[in-house]
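Listed below are the residues making up each chain.
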Amino acid sequence: SQTIHQWPATLVQPVGSPLSLECTVEGTSNPNLYWYRQAAGRGLQLLFYSVGIGQISSEVPQNLSASRPQDRQFILSSKKLLLSDSGFYLCASFNGAEAFFGQGTRLTVV
Amino acid sequence: ELKVEQNPLFLSMQEGKNYTIYCNYSTTSDRLYWYRQDPGKSLESLFVLLSNGAVKQEGRLMASLDTKARLSTLHITAAVHDLSATYFCAVHTSGTYKYIFGTGTRLKVLA
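Residues numbered from 1 in each chain as written. Chains lettered and ligands numbered in written order. Predicted model: local features only at pLDDT ≥ 70, side-chain atom pairs only at ≥ 80, totals over all residues. Heavy atoms only, no water.

Can you tell me about the overall build of chain A, naming the residues and giving the values?
From N to C terminus, chain A includes zero helices and 11 strands. Order of helices (α) and strands (β) in chain A, N terminus to C terminus: β-β-β-β-β-β-β-β-β-β-β. A principal-axis box enclosing the C-alpha atoms of chain A has dimensions of 35 × 25 × 20 Å. When the 110 residues of chain A are sorted by exposure, 48% land in the buried category. Taking all contacts inside chain A whose residues are at least 6 apart in sequence as the whole, residues at least 24 apart take part in 53%. For chain A, the distance from the average position of its 7 positive side-chain charges to the average position of its 6 negative side-chain charges is 10 Å. (Helix = DSSP H or I, 4+ residues; strand = E, 2+ residues; numbered from the N terminus. Buried < 20%, exposed > 50% of the residue type's maximum accessible area, 1.4 Å probe, protein only. Contact = heavy atoms within 4.5 Å. Lys, Arg positive; Asp, Glu negative; His and termini not counted. Charge placed at Lys NZ, Arg CZ, Asp CG, Glu CD.)

Written out as structure tokens, the structure is:
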């Protein structure tokens, strides 16, 4: 079984500051990795997914970027945060049969 | 473009009642998943449905899949307060590697 480590659990950042959220995976190799965002009371929006090192697909044009420097590491970044970037960010790994999820990061941009 | 829609978006029901949540998706899919999310928490896996006609049951929840209609249902039997949560379906497409969630159904079971 896979384990997804995602940190931090909560984060408060000022508008215009940079962001780096990290997700690491244990228990598998070469997973498909995903970043989702959930606004308050809303659904899960797919932001980025990656099928391998250095391979990033973006779903929605936005203020964020993603990178996959290692097989089991997926990073979500922003150079300058906007108020609208606030939300619950969730990292997921998919092994072809089922998905595993991190505990999420609640980001509040003030 | 793959779209996954659920209805209803909000559901308030009395304890002991039955109800069904619907999940429609727009393209062919390998698998259909159901998850539960409690407020402020990550997702808990409920069911994985792998083929047309698949039916799975766990406690008061039963999920089914009709791939021809591109429809999955999550049926709640004799609801209890502990089932209050948000329920999501999700669809994976092998051709694009996308893993798309439905809009979610927020369920509140009233005592």
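Moving on, there is more to tell.
Explain the nonpolar core to me, using residue names and the numbers behind them.
In terms of nonpolar packing, the biggest core is built from 45 residues, with Tyr36(A), Phe101(A), Leu32(B), Trp34(B), Tyr35(B), Tyr99(B) and Phe101(B) touching the most fellow members. Here this core takes six residues from strand E9 (residues 85–92) of chain B, the largest share from any one element. Leave out the neighbours within four places in its chain, and Phe101(A) touches Ile4(A), Leu90(A), Cys91(A), Ala92(A), Tyr35(B), Ser42(B), Leu43(B), Tyr99(B) and Phe101(B). Leu21(A), Leu47(A), Ala66(A) and Leu81(A) belong to the second-largest nonpolar core, a separate cluster that totals 20 residues. (Core = buried A, V, L, I, M, F, W, Y, C linked by side-chain atoms within 4.5 Å.)

Can you lay out the interface of chain B and chain A for me, pointing to particular residues and giving the numbers?
Quoted interface sizes are often the accessible area lost when the parts come together. If you look at the interface, chain B gives 19 residues, while chain A gives 23 residues. Of the roughly 1600 Å² buried at the junction of chain B and chain A (both faces included), carbon and sulfur atoms supply 57%. Taken together, chain B and chain A are joined by one salt bridge. One salt bridge in this structure joins Glu59(A) and Lys98(B), with 3.3 Å as the shortest N-O distance. (Buried area = accessible area lost by both parts, 1.4 Å probe. Salt bridge = Lys/Arg side-chain N within 4 Å of Asp/Glu carboxyl O.)

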